[in-house]
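Chain by chain, the residues:
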Amino acid sequence: MTEKLVFAPEDDCYHQLSDDPYETETNWWSFNIPERKIGCWIHAPYYQNRKAVTWRIFAWDDGGFDPARMAYYRKVEEAAMPDDPDLRDITFPGDKHGPGYSLKMLEPGMKYQLQYEDASRGFALDFTHTGLHEPHRFPPGRPPFMQTPHFDQLGHVEGWMTLRGERIRIDGIGVRDRTWGPRGGPYAASPKKYANDMERVKHPGGARWREIEREKGRGRIQYIFGHRPDGTGFLGFARLQDADANGWAPMNAGWIRRDGEFGTLDASKSRMRSFRNPKTGWCTHMQVELVDEMSREMISEGFAVSTMSEAGYGVNQLMRWDIDGGIGWGEDQDVWNPTHFVRMLDALKATA
């Protein structure tokens, strides 16, 4: 790994970036409680040049997928940040409904404590994330990290969640990530050229929705990961618009982790296939075949256990994975244009 890609202690802090109005820096934390079919997120993009932060915390189970029916959901938008906030020891600003969450670095790059309480709704979090490895940074210039530094880190997440007044143990593998750089505005524009009706794939040989999904310029990145309790597992980004007629989509970037050693995915030999609910378009079942730079192979099969849909179109799902014959847990993050599957359903109705 080159020096530019090595994580440094100062990367625990907010970065001093340009005066670009779209500069954004995030911190994201994800974990699950499999026996309760619970997934949980904490996510906070900070807009340095607006001195504002938007953060949200949500937990979901199989009781409801939208914010009104999730196990817990709260979002605070454009809250004013103090001057020179220190991400190593910070409590994010709240609103009239209560304070934000606190984040404290305990060991540079490796160990963190997060705490949050919403007493009025019987919800609280108090856990540590202890890295199983140093932050794993992806090289810039590869989709989806064209302009922004990004790293992911597996960790042992241990502590407690209080949900509807019930205290629930947290003890498993979680993922955190960090990204900083311009986001939104002109940086959100796709460099792809959109296809017109004459250039669409007409008969791909698969289900009708695959034709729509494969249209050039209509694709998206699907972020998937799964890891067993010992940290064996994978993380990857799939290019769905480049899937073949049987639905196998190539992987852009990612890793295999086995015996404590990372291997960068060989994009030419790694692929994913998802099977979707024809009414919602959400993935229900997934096959993943990976090969890394050391020629190590990994075969995984995943099933969606519970689903959340924050905006009504994209989804995030808790996945149960069979990874090389052992059970692991992780996520499927799949976000698309709101009209994408509306068009799919219209096509299905037309051919019914």
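Quick note: structure is the one above.
To keep things clear, this report deals only with the structure shown in the data block. Here the structure is a predicted model, which is why all the values come from computation and not from measurement.

## Observations concerning the overall build of the chain
The secondary structure content of the chain amounts to 2 helices and 20 strands. Burial statistics for the chain: of 352 residues in total, 54% are counted as buried. Within the chain, counting contacts between residues at least 6 apart in sequence, those at least 24 apart form 54% of the total. About 16200 Å² of surface is accessible on the chain, with carbon and sulfur atoms providing 50% of the total.

## Some thoughts on the pairing of strand β19 (residues 315-323)
Burial runs high along β19: 7 of the 9 residues are buried. Pairing analysis gives 8 bridges linking strand β18 (residues 297-308) to β19, with the strands arranged antiparallel. Bridge pairing in β19 links E301 to D322. In this structure, β19 lies alongside strand β20 (residues 326-334), joined through 9 bridges in antiparallel fashion. Considered in β20, the bridge of D322 is made with I327.

## Some details on the packing of aromatic side chains
Considering all chains together, one arrives at 20 aromatic pairs under this definition. Relative to Y101, the ring of F92 lies with its centre 4.6 Å away and its plane at 35°, an arrangement referred to as tilted. Each member of the pair, F92 together with Y101, is buried. Where W255 meets F262, the ring centres are 4.7 Å apart and the plane angle is 65°; that geometry is what we call edge-to-face. As far as burial versus exposure is concerned, W255 and F262 are alike and both buried. For the cation-ring pair, R167 lies above W160, with the distance from its terminal atom to the ring centre recorded as 4.2 Å.

## Here's the deal with the environment of F275
Counting through the fold element by element, F275 comes out in strand β16 (residues 271-276). Judged by its relative accessible area of 29%, F275 is partly exposed. Counting along the chain gives 28 residues from F275 to G247, while the straight-line C-alpha distance between them is 8.4 Å. Every residue in contact with F275, bar those within four places of it in the chain, is listed here: W282, C283, T284, H285 and Q287.

## Remarks on the pattern of salt bridges
Applying the stated criterion across every chain yields a total of 17 salt bridges. The partner of R228 in a salt bridge is D230, and the shortest N-O contact between them spans 3.5 Å. Salt-bridge contacts for R296 lead to D292; the nearest nitrogen and oxygen are separated by 2.7 Å. Given the relative accessible area of 14%, R296 is considered buried.

## Quick look at the side chain of T54
Following the sequence through the fold, T54 ends up in strand β3 (residues 52-60). Within polar-contact distance, the side chain of T54 engages the backbone nitrogen of E78 at 3.0 Å.

## Regarding unusual backbone geometry
Phi is positive for K37, which is not a glycine, with a value near 60°. Here K37 is to be found in the loop between β1 (23-33) and β2 (38-47). In this structure K37 comes out as partly exposed when scored by relative accessible area, which is 35%. In this structure, D324 is a non-glycine residue whose phi angle is positive, near 50°. Mapping D324 onto the fold places it in the loop between β19 and β20.

## Comments concerning the pairing of strand β15 (residues 261-264)
Across 4 bridges, the pairing between strand β14 (residues 248-258) and β15 is antiparallel. When the bridges of β15 are listed, R258 appears paired with E261. With antiparallel pairing between neighbouring strands as the criterion, β14 and β15 make up a hairpin whose turn holds 2 residues, including D259 at a positive phi of roughly 55°.

## A few points about the environment of T91
Mapped onto the fold, T91 is located in strand β5 (residues 89-91). Separated by 23 residues in the primary sequence, T91 and L114 have C-alpha atoms spaced 9.6 Å apart. Not counting chain neighbours up to four residues away, the residues in contact with T91 comprise G100, Y101 and S102.

## Regarding the nonpolar core
Counting residues in each nonpolar core, the largest one holds 34 residues, and the members touching the most others are F92, Y101, L125 and M161. Among the elements of the structure, β1, β2, β3, β4 (72-80), β7 (111-118), β8 (123-131), β10 (150-163) and β11 (166-182) are those that each provide at least two residues to this core. It is β2 that provides the largest number of residues to this core, a total of 5 residues. When near neighbours in sequence (up to four residues on either side) are disregarded, M161 contacts F31, I33, I38, C40, A59, F123, A124, L125, E166, R167, I168 and I170. If you look at the next biggest cluster of nonpolar residues, it comprises 19 residues, including W41, I173, V175 and M308.

## Regarding the side chain of D332
Residue position: D332 is located in strand β20. Within the buried set, D332 has no salt-bridge partner at all; the shortest N-O distance to an opposite charge, 5.9 Å, is to R276.

Analysis parameters
- Residues numbered from 1 in each chain as written.
- Predicted model: local features only at pLDDT ≥ 70, side-chain atom pairs only at ≥ 80, totals over all residues.
- Heavy atoms only, no water.
- Helix = DSSP H or I, 4+ residues; strand = E, 2+ residues; numbered from the N terminus.
- Buried < 20%, exposed > 50% of the residue type's maximum accessible area, 1.4 Å probe, protein only.
- Contact = heavy atoms within 4.5 Å.
- Areas by Shrake-Rupley, 256 points an atom, 1.4 Å probe, with all protein chains shown as cover.
- Pairing = 2+ DSSP bridges.
- Phe/Tyr/Trp six-rings, centres within 6.5 Å; stacked < 30°, edge-to-face > 60°.
- Lys NZ or Arg CZ within 6 Å of the ring centre and 35° of its normal.
- Salt bridge = Lys/Arg side-chain N within 4 Å of Asp/Glu carboxyl O.
- Polar contact = N/O pair within 3.5 Å; in protein donor to acceptor, adjacent residues only side chain to side chain.
- Core = buried A, V, L, I, M, F, W, Y, C linked by side-chain atoms within 4.5 Å.
- Lys, Arg positive; Asp, Glu negative; His and termini not counted.

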